[in-house]
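Chain residues, written in single-letter form:
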Amino acid sequence: MFNFSLELLETAQKAEEICAEKFAEIREISRLNGEKVLRAFIENKVSTPHFNPTDGYGYNDIGREKADSVFASVFGTKSAIVRHNFISGTHAISTALFAVLRPGDMMLSLTGSPYDTLKGVIHADSGGSLKEFGIQYKEIPFGSDLYKFSDMIKTCKVAYIQRSRGYTLRKSLSVSDIGELVKTVRKINSEAIIIIDNCYGEFCETTEPSHVGADLIIGSLIKNPGGGIARTGGYIAGRKDLVDLCAQRLSAVGIGTEAGCTLGMTREILLGLFLAPEITANALMTSVFASALFELLGYETFPRYNEKRVDLPLAIKLGSREKLIAFCKAVQFASPVDSFAALEPSPMPGYDNDVIMAAGAFTMGSSIELSADAPLREPYAVWLQGGLTYPTGRIGVLNAAAAIM
């Protein structure tokens, strides 16, 4: 169907050969994470009645409570709230920030400027941003020596860390990297609340930021932890007192986790979590293969194929608007859903530039399914992530390569 050239297929074979060691490493991480998730299900005694739907207020929804407990066990935290009501990772992060910050407090980003969609939450002059509520915001350039910014850290209420690179070419942070940041913050300001944007990083390693001292970790269910099954939702896991505040911000003060119907979505949330280690491994293998292939074709990739993988996104510097658009159109064509869609760059809420996004997915906007997107700006890099199965992810990557050769 795709009629790839012999030259491209030979390059792909070479790419897979040099990825063999990295593939084996990913499979081992998946095995260990799979055991961890299975243990959480067994220890929490998940049963078929937990899949029963509730409506209305959702009082005494045992499935909702069980999902919270399982997520907390997987992430090694005292508490968690996982809900289909979170419409995105940005929504979950915003909920946590408004839950723990008060007028006069200061939020400090330790990893430079945050992801595009969070900037409105922080800076917007209307709509009810943190700025409008009198909450200060400061940031430290990515990779800086935190001790040089001790005065800022001493006065912050929230120390914020973005694990993934977002639309930048900076490196993503490993759990070990985050652990070092946490240690430094604790030495300077033991009272700071350390919040991690964990999007794209879950199950890429055998531990999570919550295992190295983070107070809250936050993510989206249409990325790694939803396993390609959850149709929407997000989670917040961490300290019980802070998770309780987040729950009251999501629902209402005095209600918290005591209400909220699940509408029959608990089964897919838990099934997605159960599959997440394996699905994440497929996506990582797709990313590693893409990195190796495009390096062999002469493109710069971030990270390189043989570097440690700590999250899903792969940035490929294509160098031109035309190649960027062609790449995304080719990924869309190789997608199981809406393969016929004609992509065009367009404005999107929360972004300063036009964005082109290939996402022929079973769940709209799902980043655990193969997708490619980018803002139309220099250096015309594309961000590739996802892949429910490695064989189909591989085809999408090859089709993108063929489109720009």
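Residues numbered from 1 in each chain as written. Predicted model: local features only at pLDDT ≥ 70, side-chain atom pairs only at ≥ 80, totals over all residues. Heavy atoms only, no water.

(A) Quick peek at the overall build of the protein. The helix and strand tally for the protein stands at 10 helices and 12 strands. Summarising its shape, the C-alpha atoms of the protein cover approximately 65 × 55 × 40 Å along the three principal directions. Residue burial in the protein is summarised as follows: out of 405 residues, 57% are buried. A fraction of 70% describes how many contacts in the protein between residues 6 or more apart in sequence connect residues 24 or more apart. Of the roughly 16,800 Å² that the protein leaves accessible, carbon and sulfur atoms contribute 54%. Charged side chains in the protein number 40 positive and 45 negative. The centres of these two groups are separated by 4 Å. (Helix = DSSP H or I, 4+ residues; strand = E, 2+ residues; numbered from the N terminus. Buried < 20%, exposed > 50% of the residue type's maximum accessible area, 1.4 Å probe, protein only. Contact = heavy atoms within 4.5 Å. Areas by Shrake-Rupley, 256 points an atom, 1.4 Å probe, with all protein chains shown as cover. Lys, Arg positive; Asp, Glu negative; His and termini not counted. Charge placed at Lys NZ, Arg CZ, Asp CG, Glu CD.)

(B) Layout of the nonpolar core. Counting 57 residues, the largest nonpolar core has Phe289, Leu293, Phe294, Leu324, Phe327 and Leu384 as its most contacted members. At the level of secondary structure, the elements contributing two or more residues to this core comprise helix 1 (6–43), helix 8 (266–296), strand 9 (314–317), helix 9 (321–333), strand 10 (355–358), strand 11 (371–375), strand 12 (381–385) and helix 10 (390–404). Phe294 has contacts with Tyr299, Thr301, Ile316, Phe327, Val397, Ala400, Ala401 and Ile404, leaving out every residue within four places of it along the chain. (Core = buried A, V, L, I, M, F, W, Y, C linked by side-chain atoms within 4.5 Å.)

(C) The sheet that holds strand 4 (residues 158–162), seen in detail. Read from one edge of the open sheet, 7 strands run 1-7-6-5-4-2-3, paired in mixed fashion. The sheet is open, and its two edges are formed by strand 1 (79–83) and strand 3 (136–139), each paired on a single side. Taking the axes of each pair of neighbouring strands and ignoring which way they run, one obtains an average angle of 20° across the sheet. Both strand 2 (residues 106–109) and strand 3 contribute to a ladder of 4 bridges, which runs parallel. Across the sheet, Met107 pairs through a bridge with Tyr137, a residue of strand 3. Running at roughly 160° to strand 5 (residues 193–197), helix 6 (residues 175–188) makes contact with strand 4 and strand 5 of the sheet. (Pairing = 2+ DSSP bridges. Axes fitted to C-alpha atoms, helices over the stretch in contact; angles between N-to-C directions.)

(D) Layout of a nonpolar patch on the surface. Together, Leu38, Ile42 and Phe274 make up a nonpolar patch on the protein surface, roughly 290 Å² of accessible area in all. As for its placement among the helices and strands, Ile42 is situated in helix 1. Judged by relative accessible area, Ile42 falls into the exposed class, the value being 55%. (Patch = residues over 30% accessible without salt bridge, like charges linked within 9 Å, V, L, I, M, F, W, Y side chains within 5 Å. Salt bridge = Lys/Arg side-chain N within 4 Å of Asp/Glu carboxyl O.)

(E) Structural view of the pairing of strand 4. For strand 4, the buried fraction is high: 5 of the 5 residues fall into the buried class. The alternating pattern of strand 4 places Val158, Tyr160 and Gln162 and Ala159 and Ile161 on opposite faces, both of which are buried. Pairing between strand 2 and strand 4: 3 bridges, direction parallel. The partner of Ser109 across the bridge, within strand 4, is Tyr160.

The quantities given are spatial measurements derived from coordinates; they are silent on function.
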